[in-house]
Amino acid sequence: MNKHHALCWIGFAGFISAADNWVASLLLPDIASTFDTTVARSSAVLTAYLLPYGIMQPLYGYYSDTYKRKTVLQLLMLLLCIATLCCALAGSLAWLTAFRFMAGFFAAGIITVSLGALGELYTPQMLTNVIGLFFGSVFLGQGLSAGLGGWLLELGGWRSIFAIFSVLSLISCGLLFLLPSAAESSTRSSLRGALCALLNNRRLLALYALAACNGATVLGGYSFMGAYLSSVFGLPHTWVGIGLMLFGLVCFSAGMANTVLAARFSAQQRLTAGFVCSLCAFGCLIAQNCLLAYLAVLLLGTAYVLIQSVLASTALTRAPLYKGLSSGLVGVGVFGGGGLGTWIGSLLLKQTGYVGLFSGFAALTLVIVAFVCRYARRILD
């Protein structure tokens, strides 16, 4: 089959995974109203999804190295379909929380297994461009869910949104049958042995650490954008949603442009440019200007794709026997770093306000830029 079609089917699975993840934050007030509780209590559905989403990625990556990735990915999409449909039918907040845990448990493997599948289907020369497009699709799902979720909520309520995602997951499961089948891996190392093999490689360890830095700065900073646009500039929800949606759109555009950039610039140059984009974004946010805030969203999206496409593709090519597990460790780095960045950011926000918050992110990014300028060539060569 045409490899562009394979990227479309795998990208669609990643799109659904991200959209299903991020749309839930928009549904909290409606969920709280349905079950006659507070938004604070209903936020348990977010935690229930994110905990297994972060923890399970390496495990799915490991098992996808042992069994056929196409089969694993299809099974995950089918189980996500069932769990999300159960969310739409939940009769209490407790059951909804339990079903969201199940959804996060199955969705955790989608991005990791997808990256491993891309590593099998595409040559190392094409991989950076393909992964850039894949991550663009993932965050396009995040952006569109933020921008369109409110509109869908007004039309049909939170149950209908979960029902829609259940149907989309089933469609994705069907489309994945069109992927070519790869042979099962002959590798049967234990999980501990595979982890030791990867983590004892200093270059790979540095890649995973840089992925965590990317998550801490970009995802950590992005997590405060909605509140920043609303509280500092008093923007209505529609314009806040558009601002958040821009992140996904520019991620997809940057993934498209990555094909041209990869042909003209080295991996080190693109990695450095990505972190410099993050630094410029935080500079724009410190200025507390509305137009510069929207520019910052565009810069953060560009930064994420430039950095992650280099790190993920290098992690795959450096671990030919453990592509899935290596992708899972990149995922743990990104989302674990994002969670840590969000937690530290909340402390900074409480003590210093938004200027102090984004100044802290800028200082961290400046340190990372200095490190990348000095050591990136050793890590990537």
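Residues numbered from 1 in each chain as written. Predicted model: local features only at pLDDT ≥ 70, side-chain atom pairs only at ≥ 80, totals over all residues. Heavy atoms only, no water.

Per an unreviewed UniProt entry, the protein chain goes by Permeases of the major facilitator and derives from Zymobacter palmae. Among the UniProt annotations of the protein chain, the heading Subcellular location (unreviewed entry) holds the following wording: "Cell membrane". (UniProt positions renumbered as here; feature names shortened; annotations may be inferred.)

(A) Expanded view of empty space enclosed by the protein. Tallying each qualifying case throughout the model produces three cavities of 30 Å³ or more. For the largest cavity, the full set of lining residues is Gln 57, Ile 111, Thr 112, Leu 115, Phe 135, Tyr 304, Gln 308, Ser 327, Val 330, Gly 331, Val 334 and Phe 335. Breaking the lining of the largest cavity down by element, the ones donating at least two residues are helix H7 (93–121), helix H14 (290–317) and helix H15 (323–380). A per-element tally of the lining of the largest cavity places H15 first, with five residues. Of the residues contributing to the lining of the largest cavity, the split by class is seven nonpolar, five polar and no charged. (1 Å grid on protein atoms, 1.4 Å probe; cavity = no way out; pocket = protein on both sides within 12 Å on 5 of 7 lines; lining within 4 Å. Points joined across faces, edges and corners; volume = space filled by probe spheres on them. Helix = DSSP H or I, 4+ residues; strand = E, 2+ residues; numbered from the N terminus. Nonpolar A, V, L, I, M, F, W, Y, C, P; charged D, E, K, R; others polar.)

(B) Broad picture of the pattern of salt bridges. According to the stated counting rule, one finds two salt bridges in the structure shown. Here Asp 20 and Arg 100 are joined by a salt bridge, their closest N and O atoms 3.3 Å apart. Taken together, the residues Asp 20 in helix H1 (residues 3–22) and Arg 100 in helix H7 connect sequence positions 80 residues apart. With relative accessibility at 1%, the residue Asp 20 sits in the buried group. The partner of Glu 120 in a salt bridge is Arg 69, with the nearest N and O atoms 2.5 Å apart. One end of the pair, Glu 120, is in helix H7; the other, Arg 69, is in helix H6 (residues 69–89), with 51 residues separating them in the sequence. Its relative accessible area of 7% is what places Arg 69 among the buried residues. (Salt bridge = Lys/Arg side-chain N within 4 Å of Asp/Glu carboxyl O. Buried < 20%, exposed > 50% of the residue type's maximum accessible area, 1.4 Å probe, protein only.)

(C) Expanded view of H15. Taking 1.5 Å per residue, 58 residues should reach 86 Å; H15 reaches only 17 Å between its end C-alpha atoms and comes up short. Thr 352 marks the point of greatest bend in H15, at about 135 degrees. (Expected span 1.5 Å × (residues − 1). Bend = angle between axes of the 7 residues up to and from the residue.)

(D) Structural context of the confidence of the model for the protein chain. The predicted model of the protein chain has a mean per-residue pLDDT of 83, with 92% of residues at 70 or higher. The least confident element of the protein chain is helix H3 (residues 39–42), whose mean pLDDT is 72; the most confident is helix H13 (residues 267–286), at 94. (pLDDT = per-residue confidence, 0-100.)

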